[in-house]
Amino acid sequence: MDLRDPNAVSKVLLLNSSYEPLHICSWKRALILLVKGKAEAIEQKNKVVSICGLSQPLVIRLLYYVKIPHKSIPISRRNIMHRDNYACQYCGRQTELTIDHVIPRSKGGQNTWNNVVVACQRCNTLKGSKTIKESGLKLMNKPGCPYNFVLFELSKQHRYIGKADYACWRKYLYYDLESIG
C-alpha cells in the first residue's frame, strides 16, 4: 500500500478490550498501536503496509480496558444540527436552517439542549418570540441532550460505514448510528 494514495482507507474503528466502540482513529494511529503491542487487529484488508509489513487495519481492539469518563456534549450549532438531522423540527425542511429557542430568550429561555432546536427561516420567523402554543406550531421531536458522548461522536462519522471497506464495522456497532442524536 502506498502511504500517499488518496484512495487508501484512512479510518479505523478502535474498540475497547470489551469490544465496545471507543473512537474512529486514523490508520497511522492504528498502526502505531499495533506496532507498540497495545492493540490487535480484528478486521483488516489484504493490502500490506510496506513500512511495517502489517496488513492494513479496519478494526482494532485495545488489549487493555479503558474506562470512559462521563463527558458532557457541548451545545453548539453543529451538534444541534447533527442531533436534529439537519432538518427543521417544525416542518421537516432541510434548507435555510437556523437555530430556534423553544421558549424564547425574551421570555427567559436558556441556551440548553432541551430548549434549542433546528428551524428553517420560515418557521423561525413565523414563531418569532412566541411560545409554541402561541405560534400554533408543533415540534416533530422533543429536544434533549444526547446521552452518550462516544456514541454521539461516532454517529457523526456514519458516512464511513456505507463504504464497502467499512461494512465490517457494522457488526461492532450494536446501534444504528443514523438514529443517534
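Procedures and definitions
Residues numbered from 1 in each chain as written. Predicted model: local features only at pLDDT ≥ 70, side-chain atom pairs only at ≥ 80, totals over all residues. Heavy atoms only, no water. Phe/Tyr/Trp six-rings, centres within 6.5 Å; stacked < 30°, edge-to-face > 60°. Helix = DSSP H or I, 4+ residues; strand = E, 2+ residues; numbered from the N terminus. Buried < 20%, exposed > 50% of the residue type's maximum accessible area, 1.4 Å probe, protein only. 1 Å grid on protein atoms, 1.4 Å probe; cavity = no way out; pocket = protein on both sides within 12 Å on 5 of 7 lines; lining within 4 Å. Points joined across faces, edges and corners; volume = space filled by probe spheres on them. Nonpolar A, V, L, I, M, F, W, Y, C, P; charged D, E, K, R; others polar. Polar contact = N/O pair within 3.5 Å; in protein donor to acceptor, adjacent residues only side chain to side chain. Contact = heavy atoms within 4.5 Å. pLDDT = per-residue confidence, 0-100.

**Focus on the packing of aromatic side chains**
A ring pair, where both rings are aromatic, is described by two values, the distance of the centres and the angle of the planes.
And then number 1: Overall, the coordinates contain one aromatic pair when judged by the stated rule.
And then number 2: Centre to centre, the rings of Trp-113 and Phe-152 are 6.4 Å apart; their planes meet at 80 degrees, and the pair counts as edge-to-face. In this pair, Trp-113 sits in the loop between strand E5 (97-101) and strand E6 (116-120) while Phe-152 sits in helix H5 (residues 149-156), placing the two residues 39 residues apart along the sequence.
And then number 3: Accessibility expressed as a relative area gives 8% for Trp-113, which makes it buried.

**Section: the layout of surface pockets**
And then number 1: Within this model, the largest pocket holds a volume of roughly 560 Å³.
And then number 2: Lining the largest pocket are 25 residues, with Leu-22, His-23, Ile-68, Phe-149 and Val-150 positioned closest to its centre.
And then number 3: Among the elements of the structure, strand E2 (21-26), helix H1 (27-35) and H5 are those that each provide at least two residues to the lining of the largest pocket.
And then number 4: The greatest single-element share of the lining of the largest pocket, amounting to five residues, is contributed by H5.
And then number 5: Partitioning the lining of the largest pocket into residue classes produces 16 nonpolar, four polar and five charged.

**Looking at the side chain of Asp-100**
And then number 1: By the element assignment, Asp-100 lies in strand E5.
And then number 2: Judged by relative accessible area, Asp-100 falls into the buried class, the value being 3%.
And then number 3: Looking at Asp-100, its side chain comes within polar contact range of the side chain of Tyr-90, at 2.5 Å.
And then number 4: Not counting residues within four places of it along the chain, the set of residues in contact with Asp-100 comprises Tyr-90, Asn-115, Val-116, Val-117, Ala-119, Asn-124 and Lys-127.

**Examining the confidence of the model for the protein chain**
And then number 1: With 82% of its residues at a pLDDT of 70 or more, the protein chain shows a mean pLDDT of 84.
And then number 2: Every residue in residues 1-7 is under pLDDT 50, and counting partners more than four places away or in other chains gives 10 contacts.

**So, unusual backbone geometry**
And then number 1: Of note, the phi angle at Tyr-19 is positive, near 70 degrees, even though the residue is not glycine.
And then number 2: Within the fold, Tyr-19 resides in the loop between strand E1 (11-15) and E2.
And then number 3: One non-glycine residue, Tyr-86, adopts positive backbone phi at about 50 degrees.
And then number 4: Tracing the backbone shows Tyr-86 in the loop between helix H2 (77-83) and E5.
And then number 5: Of the residues examined, Tyr-86 reaches a relative accessible area of 42% and is grouped as partly exposed.

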